[in-house]
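# Remarks on the overall topology
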Amino acid sequence: MVGLATVFGAGGGTSSYEEVENTDLVILWGSNARETHPIFFHHLLKGVRNGARLYVVDPRRTTSAQWADVWLGLDVGSDIALANAVAREIIHAGLHNTTFIDRATVGFEEYAASVERWTLEQGERVTGVPAEAIRDLAHAYARADRAILCWTLGITEHHNAVDNVLALINLGLLTGHVGRYGSGLSPLRGQNNVQGGGDMGAIPNKLPGFQDVVTDEDARRRFEAAWDCEIPDRYGWHVSAMFDAMERGELRALYVIGENPARSEADGGRATRLLQGLDCLIVQDIFLTQTGELADVVLPAAAAGAESEGTVTNSERRVQRVRRALDPPGNARDDIWILAQLARRLGRDWGEVTPRDAWDELRSLSPMHRGMSYERLEAMGGIQWPCPDEADPGTKFLHARLWEEDPERRGRPAPVSVVEFEPPVEELTPEFPIRLTTGRRLDAYNTGVQTELYASPLRRREALCLSPEDAERLGVSDGEVVRIASRRASLEAPVRIDRTLRPGLAFLSLHQPDEVQTNLLTIDATDPKSGTAEFKATAIRVERLAQVPVGGR
């Protein structure tokens, strides 16, 4: 969200799912949407069947890449280098949209100078992608009448996550592939309602509706009047900064709602140690998670997808109604009810707050949600923000203003950002020669809390995926249990030989921590702007275990 908000003022994807069905070219960059966003991928496949070309940029030849016209298998963490090489080729070929750049952007000259050294040959040396493939991507994207660039955690789970996003946004601005139907920049959110969480202000620098808590003084005053309180005019901590504050002793109590940081945080050993050291840990969740097992107080919550009323916002900014189908079991209660009860016990009686009450309050304070009444959300099957009043149908794609000829209607120009390539924090060395990257699989979800309690015919035991070349070099066979060591921890897991991996690259998911606690290995180097850890780039070594002698132990 930070990258898009920096450039455009709002942290939402610019395009709708419908548009990907009707565009001419789609780039999936750091996204295995076939497994991680299967509903969106069905829309994408409609576009492919309608004639769109598909380019996939990913270190692994994923199941998404297998549908692509072209797969660019870059080295982990070299995304900025590749984007800058693509940009230089577009500029040198004269394919950049000078009319759009002059009218709607600022900073182009500085940006063009910054990418000048990224020749096709330099791009190949740093990224591992053949120069001709970089050229092909650059020309195809720039020449397309309409093109949509999509990304997800393969871009954002790095120590320079925001710069990665800015590098991709630059390509959209360079070619004018933003602000038009069928042309846009679409982050596919990592979890259900991540977009909605950010929209509601669940980020440390924004009030609901992406209104800045420091610089937008008028908004802060409106919220203070509505909430009858004083809002500090300073930014808060993101999750990674919270763990740093725990380590310094500045954060002594934590209230965790619907998260499992004991398993989801990078460098899981450190995360667990810091959680155990808190004076007070409160967990509110639908299951007793590993984090809940560490808690002083556990508040059983209703499952939002089936046991609560409310709204949800997806990756195309569409707000939809959620309806209760079942009553919560036992002592489980709706999240809003729990929060209201806590507020009353803390001296602020909100009364009997319903989800609709909360939504209507939001509409009164967030201009981009103002026109979204429950009745309209029901009648229209959801509405895409911004929707400023009840006569507005919502917004299918964002930033059309950038194409306006009138400067007043066009508004603030979009900055083209100079972003410099930085390799992953952890270098590969003779002691740790293999790059471990992490991700998700189709049958499971995050740390497995919501998916591990039932069986799936797609599910296999978690295993370390290795290329055939690495398996042969290490002398290990499929199914053999090995020791995996990083600079923080070691663990054991079976090997799975995976022909979609290039030599030097390994893969694990986070889904089965009771079998393989992957995040004990990962590094908690974080992006200073977004707070995202570098889950995608850990240096490891793989060791054979001592063989059991023939005849017994």
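Nothing here was measured: the structure is a model prediction, and the numbers come from that model.

## Examining the domain arrangement of the protein
Looking at the protein, the domain boundaries give domain 1 (2-187), domain 2 (194-314 + 318-384) and domain 3 (434-544). Between the C-alpha centres of domain 1 and domain 3 the distance comes to 27 Å. Opposite the 24 residues of domain 1 that make contact, domain 3 presents 22 residues. Taking both partners together, domain 1 and domain 3 bury about 1900 Å²; carbon and sulfur atoms supply 56% of that area. Its largest share of buried area at the contact with domain 3, domain 1 owes to Arg60, Glu157 and His159, together 32% of the area lost on that side. Across the contact surface, domain 1 and domain 3 share 3 salt bridges. Two residues, Asp163 and Lys529, come together in a salt bridge whose shortest N-O distance is 3.2 Å. The interface formed by domain 1 and domain 3 holds 11 residue pairs in polar contact (both at pLDDT 80 or more) in total. Put simply, the parts of the chain that give the side of domain 1 that touches domain 3 at least two residues each are α3 (33-36), α10 (153-156) and α11 (161-175). Looking at the side of domain 1 that touches domain 3 residue by residue, the class counts come to 9 nonpolar, 8 polar and 7 charged.

## Let's talk about helix α5 (residues 79-92)
The end-to-end C-alpha separation of α5 is 20 Å, in line with the 20 Å expected for 14 residues at 1.5 Å each. Counting buried positions over the 14 residues of α5 gives 13, a clear majority of the element. Positive phi shows up at Gly94, right after α5, with a value of about 70°.

## Quick word on the sheet that holds strand β5 (residues 147-151)
Within a sheet, adjacent strands bond to each other through the backbone by hydrogen bonds, running parallel or antiparallel. Read across the sheet, 5 strands follow the order β3-β2-β1-β5-β6 without closing on themselves; strand pairing throughout is parallel. Strands with a single pairing partner mark the edges of an open sheet, and in this sheet they are β3 (70-72) and β6 (184-187). This sheet shows a mean twist of 15° between the axes of neighbouring strands, independent of strand direction. With 3 bridges joining them, strand β2 (residues 53-57) and β3 adopt parallel strand pairing. Directly across from Tyr55, in β3, lies its bridge partner Val70. In the packing of helix α4 (residues 38-49) onto the sheet, the strands contacted are β1 (25-29), β2 and β5, and the crossing angle to β1 comes to about 145°.

Thresholds, definitions, all that
Residues numbered from 1 in each chain as written. Predicted model: local features only at pLDDT ≥ 70, side-chain atom pairs only at ≥ 80, totals over all residues. Heavy atoms only, no water. Domains from an automatic or database assignment. Contact = heavy atoms within 4.5 Å. Buried area = accessible area lost by both parts, 1.4 Å probe. Salt bridge = Lys/Arg side-chain N within 4 Å of Asp/Glu carboxyl O. Polar contact = N/O pair within 3.5 Å; in protein donor to acceptor, adjacent residues only side chain to side chain. Helix = DSSP H or I, 4+ residues; strand = E, 2+ residues; numbered from the N terminus. Nonpolar A, V, L, I, M, F, W, Y, C, P; charged D, E, K, R; others polar. Expected span 1.5 Å × (residues − 1). Buried < 20%, exposed > 50% of the residue type's maximum accessible area, 1.4 Å probe, protein only. Pairing = 2+ DSSP bridges. Axes fitted to C-alpha atoms, helices over the stretch in contact; angles between N-to-C directions.

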